[in-house]
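Next come the chains, spelled out residue by residue.
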Amino acid sequence: MIKNFSAVLKNKIFLNEKIIYLNFQTTNDFKLEYQAGQYLIAKIPKDNQKLNRLYSIASYNNDKTSFDLLIEIVDNGLGSNYFKNLNIGEKTEFAGPAGIFTLKNQKTAKVFLATGTGLAPIKAMIEKLIFDKFSCPFYLFWGIKYKKSLYFLNEFKNLKNKNKNFDFKICFSQEKEIKNDENKNFFDLGRVNKCLVDYFKNKDLIYNDFEYYICGSREITDSLKNFLISLNINKNQIFFEKF
Ligand SMILES: Cc1cc2nc3c(=O)[nH]c(=O)nc-3n(C[C@H](O)[C@H](O)[C@H](O)COP(=O)(O)OP(=O)(O)OC[C@H]3O[C@@H](n4cnc5c(N)ncnc54)[C@H](O)[C@@H]3O)c2cc1C
């Protein structure tokens, strides 16, 4: 059920020059009863009004009074720059949770395809599966352009250490080569769809054994969905959120 509440900014980290990660604590002990994958409606002050901007909850934890957001700063963007400039201790109004991009079948293996900050709801879903000790395979293919903008590598390595059914590949779409790197096994070159195909081929996996969760920009999400359909994956096994 969508409720109005406010939350105080507790921490803000610049993960790279365009991406911020924010941690909020709800006020008055408000308990945010959300499902991993859902989003919040942030009320952004502009002149004398409040304008809505949607942000996926990028974390899953059991205490329900704190949550994280992962936001890309858009040039001249109202909402993203509001959060960029928000100071620790300041309060923001939200409504939520909302959305139906949530984990579906509890007994089906899962593939997550994310690009950029489309990782936000998927990170929450993966944290939830780790929390639940999910017993089927689940794989993340996350696309970013350049290795220099990489963040969260250690976070995902830690998640992988917690559940042997989880694996992930970070797919650099604009790099030409991956130099000798201790983390090479977690990296691949090219777009997420190409990395998915290579991974499935190497491990002899069957596409229709999995549910697919896609999140990213409208164009990329549509193109990934069409790509999965071209592999004869059933449409009712594909779930997506378009930013
Ligand atoms: C369900 C849902 C969940 C979302 N979750 C997240 C999330 O977790 N993290 C996140 O970062 N975003 C998320 N978004 C996108 C977010 O709601 C905003 O659209 C985004 O932050 C831009 O808003 P803004 O107010 O900063 O820019 P606006 O003031 O709306 O736009 C300013 C200008 O930038 C252009 N613009 C807008 N977005 C982009 C872009 N991405 N790249 C280039 N130009 C752009 C616009 O056309 C406009 O000209 C989500 C969207 C949806 C629908």
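Worth saying up front: this structure is predicted, and the values here are computed from it rather than measured. (Residues numbered from 1 in each chain as written. Predicted model: local features only at pLDDT ≥ 70, side-chain atom pairs only at ≥ 80, totals over all residues.)

(A) Quick peek at the overall build of the protein. A count of helical and extended segments in the protein gives five helices and twelve strands. Seen along its three principal axes, the alpha-carbon backbone of the protein occupies a region of about 55 × 40 × 30 Å. Partitioning the intrachain contacts of the protein with sequence separation of at least 6 by distance along the chain shows that 69% fall at a separation of at least 24. (Helix = DSSP H or I, 4+ residues; strand = E, 2+ residues; numbered from the N terminus. Contact = placed C-beta atoms within 7 Å.)

(B) The domain arrangement of the protein, seen in detail. Entries for the protein in the domain assignment read domain 1 (3-98) and domain 2 (109-242). Centre-to-centre, using C-alpha coordinates, domain 1 lies 24 Å away from domain 2. Counting residues per element, the side of domain 1 that touches domain 2 draws most heavily on strand S5 (residues 66-72), at three residues. For the side of domain 1 that touches domain 2, the class distribution of residues is nine nonpolar, four polar and one charged. (Domains from an automatic or database assignment. Nonpolar A, V, L, I, M, F, W, Y, C, P; charged D, E, K, R; others polar.)

(C) The arrangement of the nonpolar core in detail. Core analysis: the biggest nonpolar cluster contains 56 residues, and Phe 112, Leu 113, Ile 122, Met 125, Phe 141 and Trp 142 have the highest contact counts within it. The element that contributes the greatest number of residues to this core is helix H2 (residues 119-131), accounting for seven residues. Here this core spans two domains, and each of domain 1 (3-98) and domain 2 (109-242) adds at least three residues to it. Not counting the four nearest positions on each side in its chain, Trp 142 is found in contact with Ala 114, Leu 119, Phe 168, Ile 170 and Cys 171. (Core = buried A, V, L, I, M, F, W, Y, C linked by C-beta atoms within 7 Å. Buried ≥ 20, exposed ≤ 12 C-beta atoms within 10 Å, placed from the backbone.)

(D) Representation of the sheet that holds strand S1 (residues 3-16) within the structure. Strand order across the open sheet formed by six strands is S4-S3-S6-S1-S2-S5, with antiparallel pairing between neighbours. Strand pairing shows two members of the sheet lacking a second neighbour, strand S4 (49-56) and S5, which therefore form its edges. Each strand axis lies, on average, 40 degrees off the axis of its neighbour in the sheet, ignoring direction. Pairing of strand S3 (residues 39-46) with strand S6 (residues 91-98) involves four bridges; the strand directions are antiparallel. Paired with Tyr 39 across the strands is Ala 98, a residue of S6. (Pairing = 2+ DSSP bridges. Axes fitted to C-alpha atoms, helices over the stretch in contact; angles between N-to-C directions.)

(E) Structural detail: the site of the ligand. Inspection of the region around the ligand gives 19 residues, with Ser 56, Gly 77, Gly 79, Ser 80 and Ala 120 positioned closest. Sorting the residues of the shell around the ligand by element identifies S4, S5 and helix H1 (78-85) as the ones contributing at least two each. Top contributing element to the shell around the ligand by residue count: S4, with four residues. Residues that form the shell around the ligand fall into these classes: nine nonpolar, seven polar and three charged. When residues of the shell around the ligand are assigned to domains, at least three fall in each of domain 1 (3-98) and domain 2 (109-242). (Near = placed C-beta within 6 Å.)

(F) Just the environment of Leu 129, in detail. Of note, Leu 129 is situated in helix H2. On the basis of neighbour count, Leu 129 is assigned to the buried category, with 23 C-beta atoms found within 10 Å. C-alpha of Leu 129 to C-alpha of Ala 36: the two residues are 93 residues apart in sequence and 9.3 Å apart in space. Excluding residues within four positions of it along the chain, Leu 129 makes contact with Phe 134 and Phe 138.

(G) Representation of unusual backbone geometry within the structure. With omega at 0 degrees, the peptide bond leading from Gly 96 into Pro 97 counts as cis. Counting through the fold element by element, Pro 97 comes out in strand S6. Even without a glycine there, the phi angle at Asn 76 is positive, about 60 degrees. Relative to the helices and strands, Asn 76 is located in the loop between S5 and H1. For Asn 76, a count of 6 C-beta atoms within 10 Å puts it in the exposed group. A positive phi angle is found at Lys 133, which is not glycine, with a value near 55 degrees. Inspection of the secondary structure puts Lys 133 in the loop between H2 and strand S8 (138-144). Accessibility expressed as a C-beta count within 10 Å gives 9 for Lys 133, which makes it exposed.

(H) Quick peek at the environment of Leu 140. With respect to the element layout, Leu 140 can be found in strand S8. Counting along the chain gives 93 residues from Leu 140 to Asp 47, while the straight-line C-alpha distance between them is 41 Å.

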